[in-house]
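Notes for the structure review
Below are the chains, spelled out letter by letter.
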Amino acid sequence: MPSVRYLNGIKIILAKDKKTGGRIVASLIQEFLKSKKNGVLGLATGETMIPVYKNLIGIYRKNKIDFSGVKTFNLDEYFDNEIKDRERLRNFMDKNFFNHVSIQGKNINFLDGKTTNVSDECRRYEEEIKKAGGIDLQILGIGRNGHVGFNEPGSSMRSRTRRVKLKESTKKDNNQFFKLSKVPEYALTIGVANILEARKIILVAFGKNKSAAVKLALEGKIGNKIPASFLRKHNNVIFVVDESAASKLQDVNMSRFALRKLPTLVREKTKANLEH
């Protein structure tokens, strides 16, 4: 059973590993869609999201979730005309999620990484989000450098949908996972301000390589050096992290240590109090 902690106003669900974490996030999305079948989801790509989408597909195949009325808006897309379609983030979503569930093509929204007019495209995307009624539930990953979406370090809390230059660490990580024939220099992304406009946010982080970013996002100074830290300004955020990603969180690890040291009856009562 996952444990729950609160740190600097943020609810943290601590999972044993990424497999468990993927199930937890999928269950949270399922719970939301039960209450709002025509909900608007903000989605993310990357290795962290694979267990999330895998579990959502599993729930769908058991007829326990319906995506036919759902609208989605992905965070970002590579901006490069030389990138092959099979290497684009849209293809990742088709392959790992969209092609396996009942979502309607007309309800899938993506930034156009081939656009010849960036400002018009960014404006169009924000207008589409607005017409949909805004994003109800935004799913995020986190980069090793603390980025959310492709809002790299230096991004303002007021930043909106725009073209961004990718940091070297981001390019390296993306190339390592996506095996790109050409690593793009730029991407289109919704901004930090757009993310914070979502009604609810779930940030997902698995693995030791995300532990430093998670620590800085939750325990460090709020500011543009770690864009994920701006999430602490939102009033409805959950971090779902596995034990490896949470390993540098001092407060969380102190709580877990304290629980292990308590007698059984006291430990269970304390655990119950922490989880409510």
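Quick summary incoming for the structure in this document. (Residues numbered from 1 in each chain as written. Predicted model: local features only at pLDDT ≥ 70, side-chain atom pairs only at ≥ 80, totals over all residues. Heavy atoms only, no water.)

**Observations regarding the overall build of the protein**
Per the secondary structure count, the protein includes 9 helices and 11 strands. The C-alpha atoms of the protein give 18 Å as radius of gyration, which agrees with the globular expectation for 276 residues (19 Å, within 12%). Projecting the C-alpha coordinates of the protein onto the three principal axes gives extents of approximately 65 × 40 × 35 Å. Nonlocal contacts in the protein, meaning residues at least 24 apart in sequence, comprise 77% of its contacts between residues at least 6 apart. On the protein, roughly 13500 Å² of surface is accessible, and the fraction owed to carbon and sulfur atoms is 49%. One finds the centroid of the 52 positive side-chain charges in the protein at a distance of 6 Å from the centroid of its 29 negative side-chain charges. (Helix = DSSP H or I, 4+ residues; strand = E, 2+ residues; numbered from the N terminus. Rg over C-alpha atoms; globule rule 2.2 N^0.38 Å. Contact = heavy atoms within 4.5 Å. Areas by Shrake-Rupley, 256 points an atom, 1.4 Å probe, with all protein chains shown as cover. Lys, Arg positive; Asp, Glu negative; His and termini not counted. Charge placed at Lys NZ, Arg CZ, Asp CG, Glu CD.)

**Let's talk about the pairing of strand E11 (residues 237–242)**
Of all 6 residues making up E11, 6 are buried, and the element is well covered by its neighbours. Alternating positions in E11 separate into two faces, Val237, Phe239 and Val241 on one and Ile238, Val240 and Asp242 on the other, with burial throughout. Bridging between strand E10 (residues 200–205) and E11 involves 5 bridges; their strand directions are parallel. Counted as the bridge partner of Ala205 is Val241 from E11. In terms of handedness, the path from E10 via helix H7 (residues 211–219) over to E11 forms a crossover that is right-handed. (Buried < 20%, exposed > 50% of the residue type's maximum accessible area, 1.4 Å probe, protein only. Pairing = 2+ DSSP bridges. Right-handed = clockwise from strand over helix to strand, strands pointing away.)

**A look at the packing of aromatic side chains**
Evaluated as defined, the whole model comprises 10 aromatic pairs. Their ring planes at 90° and their centres at 6.3 Å tell us that Tyr78 and Phe178 sit as a pair that is edge-to-face. Of this pair, Tyr78 sits in strand E5 (residues 76–78) while Phe178 sits in helix H5 (residues 168–178), placing them 100 residues apart in sequence. For the pair Tyr78 and Phe178, a shared accessibility class is recorded, and that class is buried. Taken together, the aromatic side chains of Tyr53, Tyr60, Phe67, Phe97 and Phe98 make up a single cluster linked through ring pairs. Note that Arg163 overlies the ring of Tyr186, its terminal NZ or CZ placed 4.3 Å from the centroid. Positioned above the aromatic ring of Tyr186, the side-chain terminus of Lys165 is 5.2 Å from the ring centre. (Phe/Tyr/Trp six-rings, centres within 6.5 Å; stacked < 30°, edge-to-face > 60°. Lys NZ or Arg CZ within 6 Å of the ring centre and 35° of its normal.)

It is worth stressing that arrangement in space is one thing and function is another; only the former is reported here.
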